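An overview of the molecular structure
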Amino acid sequence: MVTRFARESRCYKTSRVFPTDVNNHNTLFGGKLMSYIDDIASIAATKHCRRPVVTASTDSVDFLSPIRPTDAVSLEAFVTWTGRSSMEVFVKVIKEELLTGERMIAATSFLTFVALDENRRPIEVPDVVPETEEELKLHETAPQRAEARRLRRQESKRFADYLTVTQPWD
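Residues numbered from 1 in each chain as written. Predicted model: local features only at pLDDT ≥ 70, side-chain atom pairs only at ≥ 80, totals over all residues. Heavy atoms only, no water.

**Points about helix α2 (residues 133–160)**
The terminal C-alpha atoms of α2 lie 39 Å apart, and with 28 residues this matches the ideal 40 Å at 1.5 Å per residue to within 8%. Those residues of α2 that sit buried are Glu135, Leu138, Thr141, Ala142, Arg145, Ala146 and Arg149. Where α2 is buried, its residues meet β3 (53–63), β4 (71–82), β5 (86–97) and β6 (103–115). (Helix = DSSP H or I, 4+ residues; strand = E, 2+ residues; numbered from the N terminus. Expected span 1.5 Å × (residues − 1). Buried < 20%, exposed > 50% of the residue type's maximum accessible area, 1.4 Å probe, protein only. Contact = heavy atoms within 4.5 Å.)

**Comments concerning the sheet that holds β4**
The strand order across the open sheet formed by five strands is β2-β4-β5-β6-β3, and the pairing between neighbours is antiparallel. Each of the sheet's edge strands pairs with one partner strand only, and the pair in question is β2 (11–16) and β3. Averaged over neighbouring strand pairs, the angle between their axes works out to 20° when direction is ignored. Contacts from α2 reach β3, β4, β5 and β6, with the element oriented near 75° to β4. (Pairing = 2+ DSSP bridges. Axes fitted to C-alpha atoms, helices over the stretch in contact; angles between N-to-C directions.)

**Quick look at the side chain of Thr80**
Assignment of secondary structure puts Thr80 in strand β4. The class of Thr80 is buried, set by a relative accessible area of 2%. In this structure the side chain of Thr80 is engaged in a polar contact, spanning 2.4 Å, whose partner is the side chain of Glu88. Excluding its chain neighbours within four sequence positions, the residues that come into contact with Thr80 are Glu88, Phe90, Val128, Leu138, His139 and Arg145. (Polar contact = N/O pair within 3.5 Å; in protein donor to acceptor, adjacent residues only side chain to side chain.)

**Notes on the pairing of β6**
Residues in a regular strand project their side chains so that they alternate between the two faces of the sheet. Of all 13 residues in β6, 10 are buried, a share of seventy percent or more. The pairing of β3 with β6 spans nine bridges and is classified as antiparallel. Residue Ser57 lies in a different strand from β6, and its bridge partner there is Thr112. Of the pairings in the sheet, the one linking β5 to β6 comprises 11 bridges and is antiparallel in character. For Val89, the partnering residue across the bridge sits in β6 and is Leu111. Where β5 folds back on β6, the antiparallel hairpin that results is connected by five residues, among which Gly101 adopts a positive phi of roughly 85°.

**Some remarks on the pattern of salt bridges**
Across all of its chains, the model carries 15 salt bridges by this definition. Linking Glu76 and Arg10 is a salt bridge whose minimum nitrogen-to-oxygen distance equals 2.2 Å. Highlighted residues: Glu76 in strand β4 and Arg10 in the loop between β1 (3–5) and β2, separated in sequence by 66 residues. In this structure Arg10 comes out as buried when scored by relative accessible area, which is 14%. Lys92 is the partner of Glu134 in a salt bridge, and the nearest nitrogen-oxygen pair spans 3.0 Å. With a gap of 42 residues between them, Glu134 in helix α2 and Lys92 in strand β5 connect regions that are remote in the sequence. Overlapping salt bridges bring together Arg10, Glu76, Lys92, Glu134 and Glu135 as one network. (Salt bridge = Lys/Arg side-chain N within 4 Å of Asp/Glu carboxyl O.)

Remember that the coordinates give geometry; whether it matters functionally is a separate question.
The following block contains the structure:
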């Protein structure tokens, strides 16, 4: 199996925060940021395996600092760990106050993607090779996150057995 360096999947996105992007607190709408996160993470996953991918889960999105209309928001994503057909992608969100240049981490996120073959079935992905201190730390801690995902998915499946699919108007 081919291996790829984490840096080969790394990608970036920078956007300005416009008035139509904010909520009633005058901060970037969380759903807008989540859309940016899923978008860039899917690009990183596709770059890693060079196959079509689907989002298997958004494992976490931690909003750490509000993003305001005076900020630019930059996202950085890369594959941190791989399973047989799955890839964990880390997204780091940095806000920059445009008038002062002050930067800080605004959010972090982990997502899982699955690579697909031409029949839309899961297909093996290359192993990822971390190099930087940040990549090594994320790779080293990935098995614990993978186990937490596995347990959470099992619990979600059990919980789904108790949920109804009827609508109030049925």
